Amino acid sequence: MAIKAVLRMGDPRLLEVAAPVTSFDTPELHQLVEDLMDTMRAEDGAGLAAPQIGAGLRVVVFGFDKNERYPDAAPVPQTVLINPLVEVLGEACEDDWEGCLSVPGLRGVVSRFTHIRYSGYDPLGKPFEREARQFHARVVQHECDHLDGILYPQRMSDMRRFGFTGVLQPGG
Ligand code: NI
């Protein structure tokens with residue numbers, strides 16, 4: 001078990017494009033996945049991407065049964081997603097509040113596609129794909145953005161809907 005320090009916005013490593021994983025089922029990859037899971041759970045995050053703990057690889061983890069940071073969100077399956085590909089299904093987008101462990105204490109409204117299909121590999125190198133909607137789709141888009149060096153404030157269109165969690169009015 002290893003809980004890693006989460007890099008915070010301003011660290012240039014969060015702006016880099018991560019490299020694809022080329023070797024699966026290695027001790028190093030399993031260790032990285034374990035560290036991501038341990039850190040995500042310790043911080044009560046909905047998801048975490050490898051660059052956030054300083055590993056420049058295309059690996060994300062996400063999922064929860066219930067999340068205190070997003071009390072209204074439906075459960076999202078615990079997932080390790082490597083070398084992800086996200087395909088948008090339909091044009092529909094939705095505004096909603098997002099936070100990020102790399103942008104602690106803040107929240108902002110981001111528009112995301114509501115219906116996607118994502119594919120990629122598990123740590124053993126087995127391919128899989130899934131369709132996702134609403135919050136599940138939002139989490140995947142947020143985490144995959146990290147692999148391209150994009151933090152959610154870069155996706156915001158209305159900076160008036162950006163602020164500190166304890167200050168924003170409920171339902172903002
Ligand atoms: Ni994030």
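Each chain has its residues counted from 1, following the order in which its sequence is written. This being a predicted model, a pLDDT of at least 70 is required before a residue's local features are given, and a value of 80 or more before pairs of side-chain atoms are given or counted; all residues contribute to the totals for chains, interfaces and linings. Neither water nor hydrogens contribute to the side-chain values; these are computed over all heavy atoms in the structure.

1. Points about the coordination of the nickel ion
Think of it this way: four donors in a tetrahedron around the metal ideally sit 109.5 degrees apart, and six in an octahedron ideally sit 90 or 180 degrees apart. The donor set covers N, O and S atoms within 2.8 Å of the metal, switching to 3.2 Å for Na, K and Ca, and it leaves out water, so a site may look short of donors. Around the nickel ion, the protein supplies C100 (SG), H142 (NE2) and H146 (NE2) as donor atoms, at distances of 2.1 to 2.3 Å. Every donor residue of the nickel ion comes from the same chain, spaced as C-x41-H-x3-H. A residue pair is termed long-range when its members are at least 10 positions apart, and C100 in the loop between β4 (93-98) and β5 (106-113) and H142 in helix α2 (residues 134-147) qualify at 42 residues. For C100, a relative accessible area of 4% corresponds to the buried category. The classification of residues rests on relative accessible area computed with a 1.4 Å probe and restricted to protein chains. Under 20% of the type maximum is buried, over 50% is exposed, and intermediate values are partly exposed. Residue H142 is classed as buried on the basis of its relative accessible area, which comes to 8%. Helical segments are the DSSP runs of H or I of at least four residues, strand segments are the runs of E of at least two, and each set is numbered from the N terminus.

2. Some thoughts on the packing of aromatic side chains
The criterion for an aromatic pair is that two Phe, Tyr or Trp rings (for Trp, the six-membered ring) have centres within 6.5 Å, with stacked assigned to planes under 30 degrees apart, edge-to-face to planes over 60 apart and tilted to the rest. According to the stated counting rule, one finds 5 aromatic pairs in the structure shown. Where F62 meets Y118, the ring centres are 5.8 Å apart and the plane angle is 80°; that geometry is what we call edge-to-face. Highlighted residues: F62 in strand β2 (residues 59-64) and Y118 in strand β6 (residues 115-121), separated in sequence by 56 residues. Note on accessibility: F62 and Y118 belong to one class, buried. Clustering of aromatic rings is evident, with ring pairs tying together F64, Y70 and F135.

3. As for the nonpolar core
As used in this record, nonpolar core signifies buried Ala, Val, Leu, Ile, Met, Phe, Trp, Tyr and Cys residues forming a set joined through side-chain atoms within 4.5 Å. Of all hydrophobic cores here, the largest spans 19 residues; its most connected members are F62, Y118 and F135. Counting only elements with at least two residues in this core, the list comes to β2, β3 (76-88), β6 and α2. When residues in this core are grouped by element, the largest group, 6 residues, is from α2. For Y118, the residues in contact, after removing those within four places along its chain, are F62, T79, L81, L85, V86, F128, E129, R130, A132, H136 and V140. Two residues form a contact once any of their heavy atoms are found within 4.5 Å.

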